[in-house]
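Commentary on secondary and tertiary structure
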Amino acid sequence: MPLSGGTRRGIDTEAVRMLLLDLDGVLVDTRPVMESAWRQVREDHCLHVPFEQYERHLGRPFADIMEQLGLADAEPIHQTYSKASTDASHLARQFDGVTEVLHAFAAADWRMGIVTSKPLERAIPLLAQLGVPFATVRTPNGVGRGKPAPDPIMLALIDLGADPADALYVGDMAVDQEAARRAGVSYVHAGWGYGTPSSPAPFVAESPKDLLQLVDTGPFLEGSLV
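Residues numbered from 1 in each chain as written. Predicted model: local features only at pLDDT ≥ 70, side-chain atom pairs only at ≥ 80, totals over all residues. Heavy atoms only, no water.

**A look at the overall build of the protein chain**
- Counting secondary structure elements, the protein chain contains eight helices and eleven strands.
- Residue burial in the protein chain is summarised as follows: out of 226 residues, 50% are buried.
- When contacts within the protein chain are restricted to residue pairs at least 6 apart in sequence, those whose partners lie at least 24 apart make up 64%.
- With the model as given, the accessible surface of the protein chain reaches about 10300 Å², and the carbon-plus-sulfur share is 51%. (Helix = DSSP H or I, 4+ residues; strand = E, 2+ residues; numbered from the N terminus. Buried < 20%, exposed > 50% of the residue type's maximum accessible area, 1.4 Å probe, protein only. Contact = heavy atoms within 4.5 Å. Areas by Shrake-Rupley, 256 points an atom, 1.4 Å probe, with all protein chains shown as cover.)

**Looking at the environment of Arg181**
- Summarising the element assignment, Arg181 is placed in helix 8 (residues 174-183).
- A relative accessible area of 57% means that Arg181 is categorised as exposed.
- Once the C-alpha coordinates of Arg181 and Pro148 are considered, the two residues, 33 residues apart in sequence, prove to be 9.4 Å apart.

**Focus on the nonpolar core**
- Ranked by internal contacts, the top residues of the largest apolar core, which has 54 residues, are Leu27, Trp38, Tyr54 and Phe134.
- Ranked by residue count, the leading element in this core is helix 1 (residues 31-45), at five residues.
- The residues touching Trp38, leaving out its near neighbours within four places in the chain, are Val49, Pro50, Phe51, Tyr54, Phe62, Met66, Leu69, Leu71 and Tyr81.
- Membership of the second largest hydrophobic core comes to 15 residues, among which are Val115, Ala162, Tyr169 and Tyr187. (Core = buried A, V, L, I, M, F, W, Y, C linked by side-chain atoms within 4.5 Å.)

**What to know about the pairing of strand 2 (residues 18-21)**
- Of the two faces of strand 2, the one holding Met18 and Leu20 and the one holding Leu19 and Leu21 are both buried throughout.
- Across four bridges, the pairing between strand 2 and strand 5 (residues 111-115) is parallel. Bridge assignment links Leu21 to a residue of strand 5, and that residue is Ile114.
- The sheet contact formed by strand 2 and strand 7 (residues 167-171) spans four bridges and is parallel. Counted as the bridge partner of Leu20 is Tyr169 from strand 7. (Pairing = 2+ DSSP bridges.)

**A look at the environment of Lys209**
- Turning to its location among the elements, Lys209 is positioned in the loop between strand 9 (203-205) and strand 10 (220-221).
- If we ignore the near neighbours within four places in the chain, the residues touching Lys209 are Gly97 and Val101.

**Focus on unusual backbone geometry**
- The linkage connecting Lys147 with the following residue, Pro148, adopts the cis geometry, with an omega of 15°.
- Along the chain, Pro148 falls in the loop between strand 6 (136-138) and helix 7 (151-160).
- Of note, the amide linkage connecting Ser199 to Pro200 takes the cis form, showing an omega dihedral of 0°.
- Mapped onto the secondary structure, Pro200 falls in the loop between strand 8 (186-190) and strand 9.
- Although it is not a glycine, Asp73 sits at a positive phi angle of roughly 50°.

Set out below in structure tokens:
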């Protein structure tokens, strides 16, 4: 299935050669891990916030999610969540076709980087399983504000020595789309992920393998490659 979208702005892949990707919901399905960790948080901290409310804010740093949910004392909650996530990490699975797609981009001389709200210590083991080179990994452990602020994307571009016009960001939440817009980089929404895009409608890839259309040398416009 081709990439689809409601915007008329094409993405010229002759110019765009830097692929930035979110992690959760784009490369790895960690929803079972997050559900398990949130159950532990609810039990240990006597919270009555369902996972669905937590999930609504995925893509933001954990402290920001706690603020969105109106929960105080975010640090002890984060400690519980982090430990429970590590204990349940075996539940994470790569999305079908992800490794092949990443290898195809690497073979086409695209440089790749990760921009995620997952802490570095939990992101690195997942990335190591993918077996592909990432030129930069930006997480909340570094400087700057988290998504939807443009800081992590812009810092990744600095790492790569690239201009916004050289890069494309693939995410699955509205905060990813907003961060890309504010950073001035093109955005493709991972339709297999956890969230829905916001307006204006971006290009949507229905599966990881749909991203392979970006490896072609021509621009694509409103729903198809031309």
